[in-house]
Amino acid sequence: MNPSSLWKRRSNGSASGAAALAADWAARRSEMVEQQLRARGIRDERVLAAMSEIPRHEFVSPERKERAYEDHPLSIGRGQTISQPYMVAAMLQALDLRGPEKVLEVGTGSGYQAALLARLASRVVTMEAAPLLAASARERLARLGLTDHVSVIVGDGSLGYPSEAPYDGIIVAAAAPEVPPCLFEQLAEGGRLVVPVGDRDCQELLQIRRINGQPVSRGLGYCRFVPLVGKYGWADTS
Ligand code: SAH
């Protein structure tokens, strides 16, 4: 049977209730992981497991839930988006996390990627420039019981968050015109900074490792993110 008719059948039955609905969402997640991530070369089993577990549909408005596991970015309001599942997975994989790390995320947005990071590292600091987005991300993370691992900070993430530095991983979810120097400075020796760098329409996703204090950079492909604002972002985002 085709999986979409299975979902419809299950979610129509009132007797099946919440447990069946949860199973439907889990089935969609596992299809997303197999078809969009594993089949396209995502190999980090911890990333694949986190993406099978975290409910992406809980991070969007009710009318967008149905499309939450499709192969594209999702609008989260205020001109911002959660990246396509493959892009989220590729960035997380490039952080190369094993569990004990401390990570800084720039651009909390909905909180989806922060929730995944909470599964992959032991401490997550996430920064958001828009106070309303930060407040709703905080609520969602609390509902999922993830606040012990994640702090949402309102502020200019292009400056990093020096009071908790150094970080083993830094991930930037918005397009930067150049590598923000403060972020590289706040990277621990051996740490990884993952950031899309380029112009407004097209960026290269970079993984920059700090080796003997120096940046060692590797291109991971081209992408298109919403603009980073703040000191090391674009002054005008129109
Ligand atoms: N990771 C998010 C999606 C991020 S969208 C998720 O999983 O939902 C990019 C976000 O970066 C937007 O919410 C935008 O407000 C934020 N942003 C842009 N420039 C920023 C800056 N300098 N500091 C902090 N947040 C910034």
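For the structure itself, look to the data block above.
Residues numbered from 1 in each chain as written. Predicted model: local features only at pLDDT ≥ 70, side-chain atom pairs only at ≥ 80, totals over all residues. Heavy atoms only, no water.

**What about the side chain of Gln203?**
Along the polypeptide, Gln203 turns up in strand 8 (residues 203–211). The exposure class of Gln203 is buried, given its relative accessible area of 0%. Among the polar contacts made by the side chain of Gln203, one reaches the main-chain amide nitrogen of Phe225 at a distance of 2.8 Å. Not counting the four nearest positions on each side in its chain, Gln203 is found in contact with Ala175, Pro196, Val197, Gly198, Gly221, Tyr222, Cys223, Arg224 and Phe225. (Helix = DSSP H or I, 4+ residues; strand = E, 2+ residues; numbered from the N terminus. Buried < 20%, exposed > 50% of the residue type's maximum accessible area, 1.4 Å probe, protein only. Polar contact = N/O pair within 3.5 Å; in protein donor to acceptor, adjacent residues only side chain to side chain. Contact = heavy atoms within 4.5 Å.)

**Here's the deal with the packing of aromatic side chains**
Within this structure, the stated rule accounts for two aromatic pairs. Considering the side-chain rings of Trp25 and Tyr69, the 6.0 Å spacing of their centres and the 50° angle between planes classify their relative orientation as tilted. With Trp25 in helix 2 (residues 17–37) and Tyr69 in the loop between helix 3 (45–53) and strand 1 (74–77), this residue pair connects regions lying 44 residues apart in the sequence. Here the two residues Trp25 and Tyr69 agree in accessibility, since each one is buried. Consider the rings of Phe59 and Tyr112, whose centres lie 5.7 Å apart with planes at 65°: the pair is edge-to-face. One end of the pair, Phe59, is in the loop between helix 3 and strand 1; the other, Tyr112, is in helix 5 (residues 112–120), with 53 residues separating them in the sequence. The pair Phe59 / Tyr112 is uniform in exposure class, with both members buried. (Phe/Tyr/Trp six-rings, centres within 6.5 Å; stacked < 30°, edge-to-face > 60°.)

Just distances and angles here, no functional claims.
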